[in-house]
Amino acid sequence: MSGVRRLGARWRRRRPLRTRLALAASAAVALVAVGVCAAAFFVIRHELLHQLDLSLTQSATRVVQENRGEGPQIIAGECRFLSAPACAQVVPADPAADPEAAYLLPVSAPVREVAAGTRAPYFSNVTRFGQSLRMLTTPFGDGRALQVALRADPVEKGVRQAAVLLAAVGGAGVLLAGLLGYAVSRTGLAPVARLTSTAERIAATRDPRHRIELPPGPPGRQDEVTRLAASFNTMLGELEQSVSAQRRLVADASHELRTPLTALRTNAELLARADRLTPAQRERASGALGRQIREVTGLVNDLIELARDEEPLPLVEEVRIAELAEHTVAMARTHWPRLRFELEIGPGAAEAVRPGVPARLARLLTNLLDNAAKFSPPDAPVEVGLTAYGGGGGLELTVRDHGPGIAPEDLPYVFDRFYRAEAARALPGSGLGLAMARQIARAHGAELTASVAPGGGALFTVVFGGEGP
């Protein structure tokens, strides 16, 4: 039995879904058609036999009314002909009272029991005169039984004809079920076939720009398969964006690394011929090599940070944002001693905490402070503010500088990887700091935005929701 189940499971795995669906739909419709035909056959057979039994009952009633006082005898015997009335005979309970003439219909022990009143009337099938007869045996009174018989071959012929007709109808139903099952599977699985074809095309070409063609109609009235195809298209769109972003990141990283790597190679080759250089030249080449190594190392570290989409869960803890801001601003003052950093913490913000990774949140604020420090003039402060808003414990962290600000044409792209405005291309940096800051903010359930500050300068705002990430 287990071998049969394994064979059936192996057969199902090897057959396409369309074939299995067609077979299942065809089998269901075929079973219904065969069941209806079988039920119709038994109903027709029952009705035909019931009509014959009703005729026998009427004939028996008429014979009883016309021959109530008669003794055992053969009353009518022409039932061999279709147009003749029913054969009828009266049989006594005691065989000794039988008439001298032989009975036309068979007389058995149950007939004597009906005559004696110990058995209920019954119908039976007999054969006489080379014909099939339907016979009713019923009490006649005074220890006698009445037997009435009619030819049953017309009913049997009608039953056979009904069987042949219903068999033909059932066969046609099975054939129609097969056609309908194929049509249903072909129509119902058409979106799945298109989905499979698109997936295979993407696997062969590695091009996620392909889409599945969806049938027209309102979005709210789509069936499950169409919604699956729409979801697949959405997934392809996300995949296309991811692949495009990956390719753009690789291209931008290659472009950004080309210059420092070329300089590294040049200085390394120069230092390889140190015997031809003066001490001052060797010192300058060695310093340039160190700066370029640090620049490449920082760029690679930034790329590694950007490649990580999620924060490590084991490092998440409750972070007091005010303390984090104080520590980060103090570090910025050490790193940029010529600039003035001002921190203002509003009422209700000093005790506010958010779940997160402290080092990553510190990196977010450090990147914003470094960006502000690059563009701030020496006599203007970098203003950092932390305020609470709303009744749900929301926090807003702002970093403002008093530099040239952000040009309107650059504002939509300041958080793009490797994007550097025209005014920033002469300054040190890789163009990854703001992109990393936005990624860290979103990983902590916050949103980082950039705008032009009133009175000039750039304003960066980090908004933490009331419930944290």
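You'll find the structure just up there.
These numbers were taken from a predicted model, which means no experiment stands behind them.

Draft legend 1. Summary view of a nonpolar patch on the surface. Taken together, Leu-175, Leu-176, Leu-179 and Leu-180 make up a surface patch of nonpolar side chains, about 410 Å² in accessible area. Mapped onto the elements of the fold, Leu-176 is located in helix H4 (residues 153–188). The class for Leu-176 is partly exposed, based on a relative accessible area of 48%.

Draft legend 2. The arrangement of the nonpolar core in detail. Core analysis: the largest hydrophobic core is formed by 40 residues, its most contacted members being Phe-341, Leu-368, Leu-369, Val-399, Leu-448, Phe-460 and Val-462. Residue assignment for this core shows that the elements contributing at least two residues are helix H8 (321–335), helix H9 (358–375), strand E9 (381–389), strand E10 (394–400), helix H10 (433–443), strand E11 (446–452) and strand E12 (458–464). Those residues within four positions of Leu-368 in sequence are excluded, and the remaining contacts are Val-399, Leu-434, Ala-437, Leu-448, Phe-460 and Val-462. Membership of the second largest hydrophobic core comes to 16 residues, among which are Leu-52, Leu-56, Leu-136 and Ala-152.

Draft legend 3. Seen up close, helix H3 (residues 109–116). Val-111, Arg-112, Val-114 and Ala-115 are the residues of H3 that are buried. Along the long axis of H3, the arc covered by the buried residues comes to 155°, so they all point the same way. Where H3 is buried, its residues touch strand E2 (87–92), strand E3 (122–128), strand E4 (131–139) and strand E5 (144–151). One or two residues past the end of H3 sits Gly-117, with phi positive at roughly 85°.

Draft legend 4. Representation of the packing of H9 against H10 within the structure. Viewed as axis vectors pointing N to C, H9 and H10 meet at an angle of 145°, and their least axial separation amounts to 9 Å. Considering the relative orientation of H9 and H10, their crossing is left-handed. Mapping the contact onto sequence places Arg-360, Leu-361, Arg-363, Leu-364, Asn-367, Leu-368 and Asn-371 in H9 and Gly-433, Leu-434, Met-436, Ala-437, Ile-440 and Ala-441 in H10. Tallied by class, the residues present in the contact of H9 with H10 amount to eight nonpolar, three polar and two charged.

Draft legend 5. Summary view of the packing of aromatic side chains. On inspection of all chains with the given rule, the structure shows two aromatic pairs. Pairing Phe-41 with Phe-42 gives two aromatic rings, centres 5.4 Å apart and planes at 70°, and the pair type is edge-to-face. Judged by its relative accessible area of 53%, Phe-42 is exposed. A ring pair is formed by Phe-415 and Phe-460, whose centres lie 6.2 Å apart and whose planes are at 80°; its orientation type is edge-to-face. Within this pair, whereas Phe-415 is found in the loop between E10 and H10, its partner Phe-460 is found in strand E12, the two being separated by 45 residues in sequence. Judged on exposure class, the residue Phe-415 and its partner Phe-460 are both buried. One residue, Arg-119, lies across the ring of Tyr-122, its end atom 4.8 Å from the ring centre.

The rules behind these values
Residues numbered from 1 in each chain as written. Predicted model: local features only at pLDDT ≥ 70, side-chain atom pairs only at ≥ 80, totals over all residues. Heavy atoms only, no water. Patch = residues over 30% accessible without salt bridge, like charges linked within 9 Å, V, L, I, M, F, W, Y side chains within 5 Å. Areas by Shrake-Rupley, 256 points an atom, 1.4 Å probe, with all protein chains shown as cover. Salt bridge = Lys/Arg side-chain N within 4 Å of Asp/Glu carboxyl O. Helix = DSSP H or I, 4+ residues; strand = E, 2+ residues; numbered from the N terminus. Buried < 20%, exposed > 50% of the residue type's maximum accessible area, 1.4 Å probe, protein only. Core = buried A, V, L, I, M, F, W, Y, C linked by side-chain atoms within 4.5 Å. Contact = heavy atoms within 4.5 Å. Arc of directions from axis to C-beta. Axes fitted to C-alpha atoms, helices over the stretch in contact; angles between N-to-C directions. Left-handed = near helix turned anticlockwise from the far one by under 90°. Nonpolar A, V, L, I, M, F, W, Y, C, P; charged D, E, K, R; others polar. Phe/Tyr/Trp six-rings, centres within 6.5 Å; stacked < 30°, edge-to-face > 60°. Lys NZ or Arg CZ within 6 Å of the ring centre and 35° of its normal.

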